Each structure stands twice: as C-alpha cells, then as structure tokens.
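An overview of the molecular structure
Read off the chains here:
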Amino acid sequence: MAADSEHCFPFATIEALIASRQISDAASLLKAHGHTLPEPAHRYLNARIAAAENRLDEALALAGNTGDSGYLDSFPFLVLRAELLESSGREEIAADTWLKAARTGDMPRQCLVNAGRLLLRLGKTEPARQGLAEAITFPPNEPVAWFYYGVSLEHHDNRSAYDAFTKAMQLDPAYGEAYYRYALLRLTCGEHAEALEPAQMAAQLLPDYPAAHNCLGRIQLALGEPLPALASLLRAHELAPSEKGFADDAATGCVQAGRALLIAAEYAQAEDLFSRAAALDPSYPIPHINLGIELLRRGDWEHGWAEYYWRHQIAQTTWHPAPPEWQGEPLDGKRLLVLTEQGHGDTIQFARYLAPTKACGASVLLLCTRPVTRLLATLPWVDDIFSGESWENDFKTADYWVRLMDLPLRLGLEPRTMSVPPYFTLPKTQPVIPRDKPRVGVAWRGNPKHSNDADRSVPSQLANFFTTLDGVECVSLTPLAAHTDPDPLPSPLLGTADFFDTRDLLASLDWVITVDTSLVHLAGAAGVPTWLLLPPLPDWRWGIEGETTPWYDRVRILRRQRGEGWASFLHRVSGQIKNSPVF
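In what follows, the accompanying structure is described. (Residues numbered from 1 in each chain as written. Predicted model: local features only at pLDDT ≥ 70, side-chain atom pairs only at ≥ 80, totals over all residues. Heavy atoms only, no water.)

With respect to topology, five strands assemble into an open sheet ordered β6-β5-β7-β8-β9, the strand pairing being parallel. Whereas interior strands pair on both sides, the edge strands pair on one side only; in this sheet they are β6 (473-476) and β9 (555-559). Shown here is a sheet whose adjacent strand axes are inclined to one another by a mean of 25°, direction ignored. Summarising the sheet, strand β5 (residues 439-443) and β6 pair through four bridges and their orientation is parallel. Paired with G441 across the two strands is V475, which belongs to β6. (Pairing = 2+ DSSP bridges. Helix = DSSP H or I, 4+ residues; strand = E, 2+ residues; numbered from the N terminus. Axes fitted to C-alpha atoms, helices over the stretch in contact; angles between N-to-C directions.)

If you want it as structure tokens, here you go:
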C-alpha cells in the first residue's frame with residue numbers, strides 16, 4: 001500500500017518486519033508510530049499483523065467485506081482480503097475477490113492466475129479457463145500462468161494442454177508440477193511412451209511428491225517395465241502410506257513384478273512380492289491368488305489352498321446357491337452338492353477328492369459340464385450327477401454346496417499323503433489299429449484361447465516332429481477344436497463325443513505324449529503311461545523341478561528349460577524316446 005514520503009519509514013519497515021515473521025517487533029513499531037500513518041495504511045498493517053498471528057476473523061474484519069467501497073475496495077485491500085478468504089477456506093468468495101483485484105490493480109496476471117487456481121479447485125473449469133487464457137496474454141510470460149492454463153484445458157483440448165505445459169517447462173525447466181501434469185495427462189490418454197520421459201523428470205524434480213512417483217510407476221507398468229515400476233510405486237506408498245490408492249497401485253506393482261520374476265524363474269522372490277502385495281491391499285484378491293499359486297507350486301498345500309480360495313472373489317457367478325457353502329461341517333447323512341470349475345482337466349484331476357468326501361458319510365451330488373458328465377458318472381463315489389439345467393430342483397434339497405477344487409482345503413488333504421490308484425477304468429477292447437509297433441497318442445497343442453497357450457503348445461510348424469519318430473506310430477489326440485493348421489497326424493478323435501469316448505480310445509494306445517492339456521489328467525487318472533511336455537514356467541500343479549508328480553504315478557515330466565527353443569527341446573525328447581523303454 002502506498003504511503004506519502006513522511007510516512008514511508010514506518011510503513012515500509014513494518015511491512016518488512018511482517019514479511020520476515022518478526023511480528024512482535026512489527027506490532028510494537030506500529031503501536032509507537034501508527035499515529036503518523038493515514039487510516040488506510042494503519043488498518044492495512046493491523047490486518048496483516050492479525051493475519052500473521054492467525055487471528056483470521058479479526059484480520060478479515062479489518063480487511064473489509066465484499067461490497068465495501070472507498071479505500072477498502074482498493075487493490076491492496078482486495079489482495080489482502082482474497083488471501084485471507086482463501087486461508088479461511090472461503091475459496092469461492094476468494095476467487096471472486098481475486099477477479100475484482102485483477103480489474104483494479106496493476107498486477108492483473110497474478111490475480112487472474114490465483115482466481116483460476118481456486119476456480120479449478122472448485123471444479124469451475126470454464127470460468128477458470130477464460131481467466132487463465134487472459135492471464136497468459138500479459139507480458140512477461142510466467143510459467144505458473146501457462147501451467148494452470150494447461151490444467152484448465154485437460155480433457156477439453158488435450159493438444160492445447162500439452163502445448164501449455166510444454167511452454168511452462170520451457171520457461172522453467174525445473175517446474176516439476178508441469179512435467180507431472182503433462183505425464184499424467186498422457187498416461188490417462190493411453191500415450192505411455194510419450195509420458196515416460198516427463199514422468200521421469202517429474203519424479204526427479206519432485207522427489208518427495210508421491211503422486212509423481214505413482215504416475216511414473218503406472219507408466220512403467222503400462223510399458224512392460226514391472227521391476228522399475230515397482231520401485232516407483234513403492235516409493236509413492238512410502239511417501240504417503242495412508243493413501244489407499246497408492247497402496248493399491250503398489251500392490252499391483254508387486255504382482256506385476258512378481259510375475260516378471262516368475263518368468264525369470266525367481267520363484268522365492270516372486271512369492272515374497274505376492275505376499276507383500278497381499279499385505280499392502282488385504283482386500284484385493286489378485287495378490288492372494290498369485291500367492292496361493294506359488295505356495296501350491298512349492299508344495300505348501302495347507303496355506304496354498306487357503307490363499308487360492310480367493311479366486312472366488314473374481315469369479316463370474318450368475319447363480320446364488322440356496323444351501324450354505326460347506327466349510328468342513330460333519331457330513332454324515334448330508335447331501336453335498338459339488339460344483340466343478342475351471343477347465344475339464346481340473347475337474348478330472350480333482351475328482352479324486354470325491355472319494356474321501358463320500359467316506360465322510362455324504363451323499364455326493366455332482367454338477368459338471370456335459371463333456372465330462374458320462375466320464376464322471378463312472379465313479380463309484382458319485383451318487384448323482386447333473387449338467388445343464390436339470391440340477392436346479394435337486395440343488396434345493398442339498399444341505400451344503402462346495403466347489404470341487406476346494407475339497408482338499410476343506411478335507412485337509414495333500415496329494416503326497418493321499419495315495420490314489422487310477423480311478424478311471426479302461427475298457428477291455430480290441431485295438432483299433434493293428435499292434436505292429438507301439439502306438440502313441442499325441443496332443444501337441446491345447447486350447448488356443450488359453451492364456452499361456454503360446455508357450456505350452458508345440459508350434460504348428462514343428463508338429464511334423466511326431467511323424468518322424470522311429471519305432472512308434474503316432475496318432476493325434478489334439479482336440480479338433482484346437483487346430484488352426486492341418487494336423488500332420490491321423491486323428492482317431494473323429495466321431496468321439498466327449499471325454500468318456502476319449503477314455504475308451506486310450507485303451508488302444510500304449511503311450512501318451514502330451515503338452516499340458518486335459519489329456520494328461522485323463523491319461524494319468526486312467527493309469528496310461530504318459531510323457532508330459534512342460535514349458536519353462538509350468539502350471540502350479542507340476543512344481544518347478546523333477547520328473548515325477550504326486551498326482552499321477554505313471555506320468556513322467558519333461559521340462560523345457562529357460563532359453564531352450566521348441567526344436568531343441570523336441571530333439572532332446574526324441575533322444576529319450578529312443579533310449580528309454582515305455583514305463
């Protein structure tokens with residue numbers, strides 16, 4: 001506030017003391033010399049001292065109110081009043097006051113920027129954009145004006161928003177917030193490659209700003225860089241541990257990094273990250289599911305089954321069971337409905353647990369899909385079996401229900417402690433093909449829709465390998481629906497309707513070679529000698545090493561190593577076929 005020359009000394013000195021937070025000295029000087037100041041200057045300084053001492057109501061009363069005239073409506077009082085209104089949380093009135101100040105003083109740009117900043121915070125984007133568009137027209141260019149103008153353009157005119165943020169960064173290369181908002185807008189628009197470098201700059205310039213690290217981590221995840229992303233996301237969480245969104249993103253980062261470590265065969269580290277993810281976001285099912293899979297992979301069945309149970313949190317369920325879910329209550333005399341889930345191979349594998357369930361005294365009602373219905377109906381442990389719509393009335397009479405793959409959890413059983421002989425009996429039939437040499441059934445690929453099919457199935461161009469094996473005759477047991485290219489092997493599957501027919505077909509074979517499909521479970525459960533060809537990262541049920549499995553006595557595992565191509569692997573398999581008798 002201007003003061004004539006005879007009053008400049010006390011006014012300027014008091015202002016300097018207030019600015020340097022020497023409030024008591026400023027108050028003493030104003031008390032001693034205030035009588036020499038004009039009324040407006042005296043009131044203005046009193047208001048500033050009250051504000052500095054956090055007496056906001058008193059300061060606002062001295063600074064005037066909206067509608068005041070005279071010196072209370074002058075630029076210094078308007079600016080002071082706008083600052084006090086903002087400090088007291090009255091942002092809408094403060095924004096209006098800043099706009100009024102912009103029309104009355106010689107600092108319109110800064111007043112318009114302050115008004116725009118508050119209007120953006122209030123969600124009034126259009127009036128904010130209008131004022132900020134005017135603010136950037138006043139010389140000289142200021143990065144803060146361009147920054148808030150860019151914010152006002154987000155998701156309205158993204159191209160112009162990028163240009164505004166770029167202008168702010170050019171004017172101030174150390175403007176971290178501008179780099180951050182630029183990167184965040186690119187991220188939300190899916191422009192991850194363009195977002196990476198500014199996000200890295202934002203995290204560097206704003207090392208203690210958690211949102212900048214979170215933004216960088218999310219971009220790195222989207223670009224397939226899970227390990228660097230994890231460091232960024234964990235840094236954001238460390239800076240703001242109470243912010244749930246950052247914890248959730250850090251949990252996602254742990255999961256993605258864990259999956260990357262699995263591909264690198266770093267199983268223990270991956271398990272640690274899944275465990276950390278589950279702790280970061282206890283209600284998020286994905287970390288628990290991944291942790292459960294790793295625990296099962298290394299044979300920690302008790303804890304693995306419990307964590308794997310979280311898969312039901314993301315299951316697409318379209319029906320609501322009437323009886324309660326079975327949690328392990330006594331079953332003697334009870335009717336238990338067992339629901340199959342996931343793939344046909346899972347159903348065939350876990351059908352073994354119906355036997356101990358039946359031994360608990362339950363009547364076992366099994367709901368399954370049509371392709372396995374006739375097969376499972378041969379099991380002596382199943383009292384009734386349903387598929388399609390026929391089960392609904394019987395369901396209502398059940399005392400409990402349970403999912404098939406939860407039976408080991410409820411029964412407390414492990415595959416190694418549960419000796420199970422083959423539970424599907426092969427029919428005694430005459431061979432379909434003359435037995436002039438061993439016959440091998442081959443499934444060289446699985447369902448192409450499987451998430452890991454590209455790694456688990458033999459490439460089509462290498463399928464001819466099975467026609468070159470000496471001393472054996474191969475037929476294809478690759479499901480007809482799995483073919484995208486012609487099968488080089490003759491297929492006896494034509495005319496088969498379901499897994500019951502496929503089981504009968506196994507009786508005409510001496511041996512099975514298969515990738516990880518439902519066939520390995522059918523052949524294993526029927527006691528047919530089987531070689532299982534596994535990718536470097538196998539499914540959890542096959543563990544991470546060894547040639548044997550507790551699930552099936554007559555299944556031998558051949559593992560493709562990391563970095564080993566299919567051609568080299570099949571050559572190794574060929575050598576073992578030549579040198580090893582069928583077991």
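Residue P140 follows P139 across a cis peptide bond; omega there is -10°. Its place among the elements puts P140 in the loop between α8 (125-135) and α9 (143-153). In this structure, H155 takes a positive phi of about 60° despite not being glycine. Tracing the sequence through the fold places H155 in the loop between α9 and α10 (158-171). A positive phi angle, near 65°, is found at A265, a position not held by glycine. For A265, the position within the fold is in the loop between α15 (244-263) and α16 (267-280).

With parallel pairing, four strands are arranged side by side in an open sheet as β3-β2-β1-β4. What marks the edges here is a single partner per strand, and that holds for β3 (384-386) and β4 (400-403). In this sheet, neighbouring strand axes are inclined to one another by 25° on average, regardless of whether the strands run parallel or antiparallel. Pairing analysis gives five bridges linking strand β1 (residues 335-339) to strand β2 (residues 363-367), with the strands arranged parallel. Pairing of L336 across the sheet is with V364, part of β2.

Turning our eyes to something else, we now look at the environment of E53. Position of E53 among the secondary structure elements: in the loop between α3 (39-52) and α4 (56-63). Judged by its relative accessible area of 38%, E53 falls in the partly exposed class. Put simply, E53 and I23 are 30 residues apart on the chain and 7.6 Å apart in space, counted from C-alpha to C-alpha. (Buried < 20%, exposed > 50% of the residue type's maximum accessible area, 1.4 Å probe, protein only.)

Scanning the model with the defined rule gives 30 salt bridges in all. We note a salt bridge from R103 to E134, for which the minimum N-O separation is 3.1 Å. Taken together, the residues span a long stretch of sequence, with R103 in helix α6 (residues 91-104) and E134 in helix α8 at a distance of 31 residues. Given the relative accessible area of 54%, R103 is considered exposed. On the basis of relative accessible area, E134 is assigned to the partly exposed category, the value being 26%. (Salt bridge = Lys/Arg side-chain N within 4 Å of Asp/Glu carboxyl O.)

As a further point, take the packing of helix α13 (residues 210-222) against helix α14 (residues 226-239). Geometry of a packed helix pair, given as the angle between the helix axes and the separation of the axes. Where α13 contacts α14, the axes come no closer than 7 Å and their chain directions differ by 160°. If you check the angle between α13 and α14, you find them roughly antiparallel. Here α13 runs over α14; the crossing is left-handed. Seen from α13, the contacting residues are P210, H213, N214, L216, G217, R218, Q220 and L221; seen from α14, they are P226, P228, A229, S232, L233, R235, A236 and L239. (Parallel < 35°, antiparallel > 145°, perpendicular 65-115°, else oblique. Left-handed = near helix turned anticlockwise from the far one by under 90°. Contact = heavy atoms within 4.5 Å.)

This next bit is on the packing of α6 against helix α7 (residues 108-121). At a minimum axis distance of 8 Å, the contact between α6 and α7 shows a crossing angle of 160°. As far as their axial angle goes, α7 and α6 are roughly antiparallel. Where α6 crosses over α7, the handedness of that crossing is left-handed. Residues E91, A94, A95, W98, L99, A101, A102 and R103 of α6 pack against P108, C111, L112, N114, A115, L118, L119 and R121 of α7.

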